[in-house]
Amino acid sequence: MTINKIKPLQTCLESVTDGTTIMVGGFGVPGTPFALIDRLLETGCRELTIIKNEANEDGMGISKVIEAGRVRKLITSHLGLNATVIGMMNRGELEVEFYPQGILAEKIRAGGAGLYGIVTDIGIDTLLAEKKERINLQGRSLIIEPALRADIALVHAAAADHYGNLIYEKSARNFNPLMATAAGNVIVETEKLLSPGQLVPDQIHTPAAFVDSIVQLESLGSEYGILEQHVL
Amino acid sequence: MTINKIKPLQTCLESVTDGTTIMVGGFGVPGTPFALIDRLLETGCRELTIIKNEANEDGMGISKVIEAGRVRKLITSHLGLNATVIGMMNRGELEVEFYPQGILAEKIRAGGAGLYGIVTDIGIDTLLAEKKERINLQGRSLIIEPALRADIALVHAAAADHYGNLIYEKSARNFNPLMATAAGNVIVETEKLLSPGQLVPDQIHTPAAFVDSIVQLESLGSEYGILEQHVL
Amino acid sequence: MSYKEKIARRAAAEVQPGAIINLGIGIPTLIADFLPDDASVLIHSENGILGMGLRCRRGMEDRNLIDAGGNYVTLNTGASFFDSALSFALVRGGRLDIAFIGTLEVSHTGDLANWIIPGKYSPGIGGGMELAQKARRLVVTTTHTTRSGKPKILEQCRLPLTARGCVNTIITELAVIDVTTDGLVLREIAAETDIDTVMERTEARLVIPSPPPIHF
Amino acid sequence: MSYKEKIARRAAAEVQPGAIINLGIGIPTLIADFLPDDASVLIHSENGILGMGLRCRRGMEDRNLIDAGGNYVTLNTGASFFDSALSFALVRGGRLDIAFIGTLEVSHTGDLANWIIPGKYSPGIGGGMELAQKARRLVVTTTHTTRSGKPKILEQCRLPLTARGCVNTIITELAVIDVTTDGLVLREIAAETDIDTVMERTEARLVIPSPPPIHF
């Protein structure tokens with residue numbers, strides 16, 4: 001019996017309930033797991049905490065889940081391309097917690113690495129530092145940023161094998177490999193499913209140990225395609 | 001004019017002086033930059049601080065530099081395969097600072113990532129924790145481990161291009177990509193030199209930005225080969 | 001050539017061969033068009049690219065290849081991809097030679113304010129705070145004044161800071177100004193302007209060096 | 001079959017299909033020989049391997065493929081390589097199902113002492129502390145007593161600890177013992193021994209369950 005983590009899309013999110021904390025990969029369209037997000041929307045679960053670099057653009061991806069009122073809290077870096085979600089935030093319909101992008105990445109990575117936090121000076125002279133835990137280290141006053149973990153991570157891969165080894169493509173890598181280490185239940189949608197042994201061990205971005213379920217995408221919906229508003 | 005970081009072995013270590021702190025890649029033979037270490041020995045520089053997972057085995061690699069009395073302090077994880085260096089430590093001829101292997105890796109990674117430290121519970125109930133800086137976070141007493149950086153990192157790559165993009169092979173990766181981020185001057189010896197564009201961007205382990213000099217190995221000396229004492 | 005392109009062209013001249021640079025949104029994005037064509041500079045993009053090329057021409061888009069602003073881009077020789085942690089490790093670890101960034105305000109000591117207008121504009125933080133605080137050199141490219149003609153180069157920032165004392169050089173359509181321990185030094189002025197005009201449109205006191213600023 | 005091989009064979013039976021496991025030096029290394037041959041278990045090695053295979057037969061060595069003890073090894077289907085940070089992220093992050101480890105002493109509450117004998121043996125720490133503290137399940141494989149016949153399973157460890165309360169199960173040539181909230185439970189004993197012999201060679205009090213321990 002070899003290892004086989006393939007699951008159907010319909011049942012892969014059974015462990016999501018109201019109040020679940022979910023990390024979602026992607027930076028813009030590349031690397032956003034749109035099929036898993038649509039499935040998340042279909043579960044009808046509410047009061048979610050979502051951790052994602054941004055909220056995609058209005059009407060797309062995680063924005064659909066937020067717009068449907070399913071999200072209590074969004075932990076993110078920047079919402080500049082999503083006026084709808086900024087509006088919800090400004091009207092108090094959505095709690096938003098912002099971090100500098102690389103610090104968000106490091107908090108997630110620290111969670112994945114079984115660390116409790118990182119020590120940084122980013123934002124030290126700004127509003128951001130106001131409510132942060134401080135520490136004096138080597139004569140400097142620094143910020144302690146606690147690690148972040150989630151119940152579930154939704155990840156988009158370019159290719160996976162049945163063991164759960166993953167590779168990402170180009171700028172679709174972004175937060176995916178970090179989130180793939182930082183949740184108790186890591187669910188991956190993959191464009192291609194390869195037989196074990198087809199991936200070159202030196203080229204694997206996420207080792208199988210971190211992955212719980214693999215969903216093979218039958219086809220890529222239009223959301224995965226080119227966004228006309230960004231074409232020259 | 002394109003970027004070309006190739007340097008001759010003879011001059012690549014000109015910035016080493018007495019008292020320099022040097023990170024050295026490798027875990028056992030794989031990934032240890034033996035040619036750069038031999039060159040370091042030839043510089044005659046003393047009072048060095050060396051950061052390396054282990055001290056290689058007696059008479060090999062970094063052990064030669066330590067045995068020659070050039071090292072004041074060794075920051076490492078385990079010396080189990082090097083009785084000579086353990087003897088020097090026990091006789092007080094060498095200061096040794098030990099860290100759990102993964103914490104050593106994280107301290108170096110944190111230095112490379114421009115963080116000041118990490119928060120961990122590893123070793124919390126042991127002798128190790130005795131002199132450590134502590135912090136209370138989310139109801140736990142935890143250890144602050146400061147980040148580690150070096151003046152110079154010596155790295156062994158399987159292949160590099162003129163820009164300084166690197167790939168490593170199999171278990172020779174180990175500490176190399178971490179150390180390649182964590183020094184002001186990163187010097188790489190490579191088995192193969194490829195033309196820019198020959199490395200696949202998704203498969204590069206260390207991006208060019210981190211690398212200062214590339215030395216092309218003409219041939220691999222016997223130290224790079226199979227160690228008879230570990231053959232079945 | 002628009003005034004934005006003029007700023008971008010002048011900014012491009014600050015880039016040395018071999019440099020690793022990051023181009024923020026707005027005017028900085030235009031700088032790429034004025035860089036040498038020989039792959040001697042590597043452009044970093046926060047979303048995990050080193051060696052990013054120009055914006056992609058219509059029809060050639062790769063759905064997996066965008067810059068941090070969402071634009072489809074090309075790739076140059078020597079490029080690599082990496083995750084978001086390594087992308088900012090590169091920035092915070094001191095491997096980014098120059099970041100070009102837009103701004104709302106900049107102070108005479110090089111404080112930068114460009115991320116929030118309380119109650120009016122607060123889209124988040126993004127990568128800007130780390131770029132501002134940790135690039136080895138931070139070059140602000142901006143119009144000299146706001147649309148309504150108010151100075152952006154101030155004695156003190158009024159808006160919340162992005163980072164303190166981080167700006168090295170300010171490049172506008174009127175001037176190139178270095179932030180030094182002696183204050184803001186007017187290094188160059190645009191061909192079609194004069195020192196008095198620049199000083200009038202700048203709230204902060206400017207130091208006029210000797211010899212006086214050259215034209216660009 | 002040597003007593004070490006017997007311990008290793010019994011330890012291998014603790015491994016469920018699909019498990020990610022780590023084999024420390026000494027007896028744990030031998031466990032690989034008793035695992036199923038069908039790639040249903042992935043072996044982690046601290047130096048950056050998942051899916052490590054058996055020790056390599058003479059003449060087939062790859063200079064770049066060793067385990068954490070320096071031995072030349074083979075690779076199984078589904079294997080991957082990674083750096084030392086990710087290797088221990090896997091351990092500390094809770095993705096290592098079982099670590100098998102040797103020991104000098106273990107206490108009745110599952111404290112482990114195996115890294116230092118002050119003044120006599122102090123080669124460093126290595127990966128053992130993280131494996132002990134963070135593996136989801138820690139199985140100690142050891143001879144029941146020292147070479148001079150002294151018990152290794154003690155009420156309290158006398159040597160400095162590697163980690164507190166970390167051991168789940170102890171497997172020796174004489175017994176399989178679980179560390180539980182009720183104390184050390186004698187789950188199984190070897191075919192050629194009896195409960196009295198095991199208790200005599202164990203300093204810590206053993207709980208004899210009902211029904212009594214089965215033979216292995």
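No experiment lies behind these values; they were computed from the predicted model shown.

Visitor: Report on the confidence of the model for chain C, specifying residues and quantitative values.
Guide: The predicted model of chain C averages 96 in pLDDT, with 100% of residues at 70 or higher. Here the predicted complex scores 0.98 on pTM and 0.98 on ipTM.

Visitor: Mind laying out the interface of chain D and chain B, listing which residues take part and the relevant values?
Guide: Accessible area lost on assembly of the parts is the figure often given for the size of an interface. Counting residues at the interface gives 40 residues for chain D, matched by 47 residues for chain B. Across the interface of chain D and chain B, roughly 3700 Å² is buried in total on both sides, 58% from carbon and sulfur atoms. For the interface between chain D and chain B, the tally reads six salt bridges. For the salt bridge of Asp125(B) with Arg164(D), the shortest nitrogen-to-oxygen distance reads 4.0 Å. Listing elements by their share of the side of chain D that touches chain B, those giving two or more residues are strand 3 (49-55), helix 3 (84-92) and helix 4 (128-134) of chain D.

Visitor: Break down the pattern of salt bridges for me, with residues and values.
Guide: Following the criterion strictly, the structure yields 60 salt bridges over all chains and no others. Close ionic contact of Glu145(A) with Lys107(A) constitutes a salt bridge, the shortest N to O distance being 2.8 Å. Of this pair, Glu145(A) sits in strand 7 (residues 140-146) while Lys107(A) sits in helix 4 (residues 101-112); the two residues are 38 residues apart in sequence, bridging distant segments of the chain. Bridged by salt links that share partners, the residues Arg10(C), Glu14(C), Arg137(C), Asp178(C), Arg187(C) and Glu188(C) form one connected network.

Visitor: Residue-level account of the sheet that holds strand 6 (residues 133-137) of chain B, with values.
Guide: Taken together, the six strands give an open sheet; going across it, the order is 6(A)-7(A)-5(A)-5(B)-7(B)-6(B), and neighbouring strands pair in antiparallel fashion. Strands with a single pairing partner mark the edges of an open sheet, and in this sheet they are strand 6 (133-137) of chain A together with strand 6 of chain B. Averaged over neighbouring strand pairs, the angle between their axes works out to 35° when direction is ignored. Lying over the sheet, helix 4 of chain A contacts strand 5 (117-120) and strand 7 of chain A, oriented at roughly 145° with respect to strand 5 of chain A. In this fold helix 4 (residues 101-112) of chain B packs onto strand 5 (117-120) and strand 7 (140-146) of chain B, with an angle of close to 145° to the strand it touches most, strand 5 of chain B.

Visitor: So what's going on with the environment of Arg55(C)? Which residues, and what values?
Guide: By secondary structure assignment, the location of Arg55(C) is in strand 3 (residues 49-55). What makes Arg55(C) partly exposed here is its relative accessible area of 32%. Between the alpha carbons of Arg55(C) and Leu30(C) there is a distance of 9.7 Å; along the sequence they are 25 residues apart. A distance of 3.1 Å separates a polar side-chain atom of Arg55(C) from the backbone oxygen of His230(A). Only 3.2 Å separates the side chain of Arg55(C) from the side chain of Asn71(C), close enough to count as a polar contact.

Visitor: Now, about the interface of chain C and chain A: what can you tell me, with residues and values included?
Guide: Taken together, the contact between chain C and chain A spans 40 residues of the former and 47 residues of the latter. Between chain C and chain A, a total of about 3700 Å² is buried, with carbon and sulfur atoms accounting for 58% of that surface. Across the contact surface, chain C and chain A share six salt bridges. The closest approach of N and O atoms between Arg92(C) and Glu106(A), which form a salt bridge, is 3.2 Å. Across the contact surface, chain C and chain A share 22 residue pairs in polar contact (both at pLDDT 80 or more). Of all the secondary-structure elements, those providing two or more residues to the side of chain C that touches chain A are strand 3, helix 3 (84-92) and helix 4 (128-134) of chain C. A class-by-class count of the residues in the side of chain C that touches chain A yields 17 nonpolar, twelve polar and eleven charged.

What counts, and where the lines are drawn
Residues numbered from 1 in each chain as written. Chains lettered and ligands numbered in written order. Predicted model: local features only at pLDDT ≥ 70, side-chain atom pairs only at ≥ 80, totals over all residues. Heavy atoms only, no water. pLDDT = per-residue confidence, 0-100. Contact = heavy atoms within 4.5 Å. Buried area = accessible area lost by both parts, 1.4 Å probe. Salt bridge = Lys/Arg side-chain N within 4 Å of Asp/Glu carboxyl O. Helix = DSSP H or I, 4+ residues; strand = E, 2+ residues; numbered from the N terminus. Pairing = 2+ DSSP bridges. Axes fitted to C-alpha atoms, helices over the stretch in contact; angles between N-to-C directions. Buried < 20%, exposed > 50% of the residue type's maximum accessible area, 1.4 Å probe, protein only. Polar contact = N/O pair within 3.5 Å; in protein donor to acceptor, adjacent residues only side chain to side chain. Nonpolar A, V, L, I, M, F, W, Y, C, P; charged D, E, K, R; others polar.

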